[in-house]
Amino acid sequence: MGEMSLSKVYDIIVIGGGIVGLATAYKLQKKYAHLTIAVLEKEKSLAFHQTGRNSGVIHSGLYYRPGSFRASNCVNGRKQLVAFAEKYHIDYDVCGKIVVATHEDELPRLEMIRENGVKNGLEGIEIIDSTRISEIEPFIDGIKALWVPESGIIDYKAVTLKLAELIKEINSNSDIITNCEAKYFDKDELSKVYTNLGTYTTRYLVFCGGLHSDRLARKDKVNLDMRIVGFRGDYYDLTDVGMKKIKNLVYPVPNPEFPFLGVHFTRLVDGSVECGPNAVFTFKREGYGKTDFNLIDTIEALIYKGTWKLFFKHWRFGLEEYKRAFSKRLFLKQLQRMCPSLSMEDIKPGRSGVRAMALGDSGDVIDDFKIEYQNQSIHVLNAPSPAATACLAIGDEVMNMAEKHFDL
């Protein structure tokens, strides 16, 4: 992976080397083997940001609004992803998860989630009692739980690298170019992409910029009614002793007032277990440290009226999340609601990630996938969780749009 010939004209350039960008390029390449495709990634390696820093969960499609893009693409994408992992020997395990109710007032919501899952086509989901909870997760304390057998875990970075490999296998003239940041664009009969490595020429552009999707769209002169705001999530890892207390995936019943799922336990494919994430506003879009700061990112987020509307709507939650970000004891207290025997010695600070949250001008979270064709380009403007699970289905959606608008 490196700088390629600047003289050739590509059929399609995909901006962004995360799992959505690679899945999109792969789907286009697989169907149109003759097309020369380039993927441009500004970092030194693929899957550097959201793809390589999420919890590696294969989402079932439990929570998403029936009929939404997220719901249909998650279920379809999950099946494609598992088949892909099976075919190419990528580490994965469909181990199932439980969503645990610890208080009576959570039971109606648990039932609503079950009904939602059934509408979205999930199989085998059922409400289980405390005895069955103990059989699945002996250290978890709940009055009832939802058993979701189709959830699992996978190595998303390995999936991304395999997609890149397959693109090159199908067409050796296609390129995966890292350390290549797209700075600005010039559109005429052909599109020019000006980068730190030089100028690339292409017939068509597809943008899968993740945390920078809105900025890239503005550079491409797209009219936007949204802005990406970054939220950092911190994780704790279970120590060797703590790891004995969690077998697979354990989630709380999500609070419908709050736009995040809440801290949960996740076994990773390497056998380790992490818990988290919390969700705090970050002062840097790619800021993984608690005190990371970027002036432009901060100003851009804080002069946007949607950010303040979100803050005012959820200030109590935000305050609690911030306290937890700086207090191991408070983080532990949250985890102990489901796993009472967990102690300070059972958890140690882990990694962190930043999720791209798309906010409308009203301060409402845009909770569905948002893919648009404008100005001779396709923009994946919003790809929140479960985008990694749904990546191959999102690739299909982009390909369908490309077939409609591009002369392939």
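Heads up: these notes are all about the structure in this document.

Reading the values: rules and limits
- Residues numbered from 1 in each chain as written.
- Predicted model: local features only at pLDDT ≥ 70, side-chain atom pairs only at ≥ 80, totals over all residues.
- Heavy atoms only, no water.
- 1 Å grid on protein atoms, 1.4 Å probe; cavity = no way out; pocket = protein on both sides within 12 Å on 5 of 7 lines; lining within 4 Å.
- Points joined across faces, edges and corners; volume = space filled by probe spheres on them.
- Helix = DSSP H or I, 4+ residues; strand = E, 2+ residues; numbered from the N terminus.
- Nonpolar A, V, L, I, M, F, W, Y, C, P; charged D, E, K, R; others polar.
- Pairing = 2+ DSSP bridges.
- Salt bridge = Lys/Arg side-chain N within 4 Å of Asp/Glu carboxyl O.
- Buried < 20%, exposed > 50% of the residue type's maximum accessible area, 1.4 Å probe, protein only.
- Phe/Tyr/Trp six-rings, centres within 6.5 Å; stacked < 30°, edge-to-face > 60°.
- Polar contact = N/O pair within 3.5 Å; in protein donor to acceptor, adjacent residues only side chain to side chain.
- Contact = heavy atoms within 4.5 Å.

## Regarding empty space enclosed by the protein
Logical step 1: Under the criterion given, the structure shown has one cavity of 30 Å³ or more.
Logical step 2: One number sums up the size of the largest cavity: a volume of about 50 Å³.
Logical step 3: Lining the largest cavity are Ile228, Val229, Gly230, Thr282, Lys284, Arg285, Asp297, Glu300 and Ala301.
Logical step 4: Among the secondary structure elements, those contributing two or more residues to the lining of the largest cavity are strand E13 (226-238) and helix H7 (295-302).
Logical step 5: Classifying every residue of the lining of the largest cavity gives three nonpolar, two polar and four charged.

## Thoughts on the sheet that holds strand E3 (residues 57-58)
Consider a sheet: its strands pair through backbone hydrogen bonds, and that pairing is either parallel or antiparallel.
Logical step 1: Strand order across the open sheet formed by three strands is E3-E8-E4, with antiparallel pairing between neighbours. In the strand order of this sheet, the two ends are held by E3 and strand E4 (92-93), each with one partner.
Logical step 2: Alignment of E4 against strand E8 (residues 152-154), held across two bridges, turns out to be antiparallel. Residue pairing in the sheet places Asp93 in a bridge with Ile153 of E8.

## Let's talk about the pattern of salt bridges
Logical step 1: Tallied over the entire structure, the rule returns 31 salt bridges.
Logical step 2: Ionic pairing is found between Glu300 and Arg215, a salt bridge with its closest N-O pair at 3.0 Å. Of the two residues, Glu300 sits in helix H7 while Arg215 sits in helix H6 (residues 213-219), which places them 85 residues apart along the sequence. Across this residue pair, the class does not change: Glu300 and Arg215 are buried.
Logical step 3: For Asp234, the salt bridge goes to Arg232, with nearest N and O atoms at 2.8 Å. There is no split in this pair, since Asp234 and Arg232 are both buried.

## So, the layout of surface pockets
Logical step 1: Estimated volume of the second largest pocket: approximately 280 Å³.
Logical step 2: Lining the second largest pocket are 15 residues, and of these Phe231, Phe311, His314, Gly318 and Leu319 lie nearest its centre.
Logical step 3: Elements supplying a minimum of two residues to the lining of the second largest pocket: strand E17 (280-281), helix H8 (305-313) and helix H9 (315-325).
Logical step 4: Among the elements that make up the lining of the second largest pocket, the one with the highest residue count is H9 (four residues).

## Topic: the packing of aromatic side chains
Logical step 1: Taken as a whole, this structure holds 13 aromatic pairs when the rule is applied.
Logical step 2: Between Tyr26 and Phe84, the aromatic rings sit 6.0 Å apart at their centres with planes inclined by 75°, giving edge-to-face as the arrangement. Of this pair, Tyr26 sits in helix H1 (residues 19-31) while Phe84 sits in helix H2 (residues 69-87), and the two are 58 residues apart along the sequence. Like Tyr26, the residue Phe84 is buried in the burial classification.
Logical step 3: Measuring from centroid to centroid gives 5.0 Å for Phe185 and Phe207, while their planes differ by 80°, and the two rings are edge-to-face. Of the two residues, Phe185 is situated in strand E10 (residues 182-187) and Phe207 in strand E12 (residues 198-207); the sequence distance between them amounts to 22 residues.

## Regarding the side chain of Asp297
Logical step 1: You can see Asp297 is positioned in helix H7.
Logical step 2: Within the local environment of Asp297, its side chain forms a polar contact with the side chain of Arg215, the two groups lying 2.5 Å apart.
Logical step 3: The contacts of Asp297, once residues within four sequence positions are left out, are Arg215, Phe283, Lys284, Arg285 and Glu286.

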